[in-house]
Amino acid sequence: MYWHSIPTEAERVAIAQRLGGHIVELGEPSAEPKDDPALQSQSEAYVIGNYDLKIDITHITIASQQKLIDDVVLRYETHEYKLGAVEGLSHCMALAGQALIAKWQEEIRLLPDALAHKLMRQYAQMWAQRPLRDMLIKRGDVLYANRALNDIAEKVVYMLVVVQGQYPPLRLKHLPWIIEALELKPTNMLERITQICSLA
């Protein structure tokens, strides 16, 4: 949720209680570095109803969100949380404040070329190149080899996302959906990644 000024903890707890909710988490999920205004936020989680439906809410000021967008779009910062926040914003649906969300989505509509080039150079740096990778597999060092292969597979997916003009997500959760949304991708990409990461 976006605010000019974030409500106090007491105010947020009172709102949850009016909805019949029971607070289970109340904290500050601000990302590092803690002194960056673009990364400051507050949050709470509460459960409601007979089935303990959990509601997670993060509160961010409009000024902080605008700085985050500017850091990515104008200053080409590659902080993974900032990139992930912009990616999420690019396809979110507003329940209120539609004009503000539409304004931000227009600002982030195009992935800047300078940022794309910077990200491609970053993702091309893979810590386990072929000689080390093959050696790990041949000697049966399964955990270490999996780490190397996962790193390579993740960075290939991130590069494909960027090549197609999209902002990279914070984490590659829901990988089938991410791969399905790619217009340009290798044949049977999900199946091949699954096979590689299982060392099959």
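Computed from a predicted model, the values in this text were never measured in an experiment.

(A) Structural context of helix α1 (residues 9-18). Among the residues of α1, R12, V13 and A16 are the ones counted as buried. Looking straight down α1, one finds that the buried residues subtend no more than 100° of arc, so they occupy a single side. Counted as exposed and oriented over 90 degrees from the buried face of α1: A10, Q17 and R18. Among the residues trailing α1, G20 stands out with phi positive, at a value near 80°.

(B) Examining the pattern of salt bridges more closely. For the structure on display, the rule yields 13 salt bridges. We note a salt bridge from K54 to D56, for which the minimum N-O separation is 3.6 Å. Using a relative accessible area of 40% as the deciding quantity, one classes K54 as partly exposed. With a closest N to O distance of 3.3 Å, D151 and K155 form a salt bridge. Here the residue D151 and the residue K155 both occupy positions in helix α7 (residues 142-163), the gap between them amounting to four residues, near one helical turn. Its relative accessible area of 15% is what places D151 among the buried residues. Owing to a relative accessible area of 17%, K155 belongs among the buried residues under this scheme. If you follow the salt bridges from partner to partner, you end up with D36, K67, D71, R75, E77 and K82 in one network.

(C) The pairing of strand β4 (residues 53-61), seen in detail. Pairing between strand β1 (residues 2-3) and β4: two bridges, direction parallel. Within β4, the residue paired with Y2 across the bridge is I60.

(D) The sheet that holds strand β2 (residues 22-27), seen in detail. With mixed pairing, the four strands of this open sheet are ordered in space as β1-β4-β3-β2. The open sheet has two edge strands with one neighbour each: β1 and β2. Two strands pair when backbone bridges link them, and β2 and strand β3 (residues 42-48) are joined in this way by five bridges, in the antiparallel orientation. Its bridge partner lying in β3, G27 is registered against S43. Contacts from α1 reach β2, β3 and β4, with the element oriented near 155° to β2.

Each value, and the rule that gives it
Residues numbered from 1 in each chain as written. Predicted model: local features only at pLDDT ≥ 70, side-chain atom pairs only at ≥ 80, totals over all residues. Heavy atoms only, no water. Buried < 20%, exposed > 50% of the residue type's maximum accessible area, 1.4 Å probe, protein only. Helix = DSSP H or I, 4+ residues; strand = E, 2+ residues; numbered from the N terminus. Arc of directions from axis to C-beta. Salt bridge = Lys/Arg side-chain N within 4 Å of Asp/Glu carboxyl O. Pairing = 2+ DSSP bridges. Contact = heavy atoms within 4.5 Å. Axes fitted to C-alpha atoms, helices over the stretch in contact; angles between N-to-C directions.

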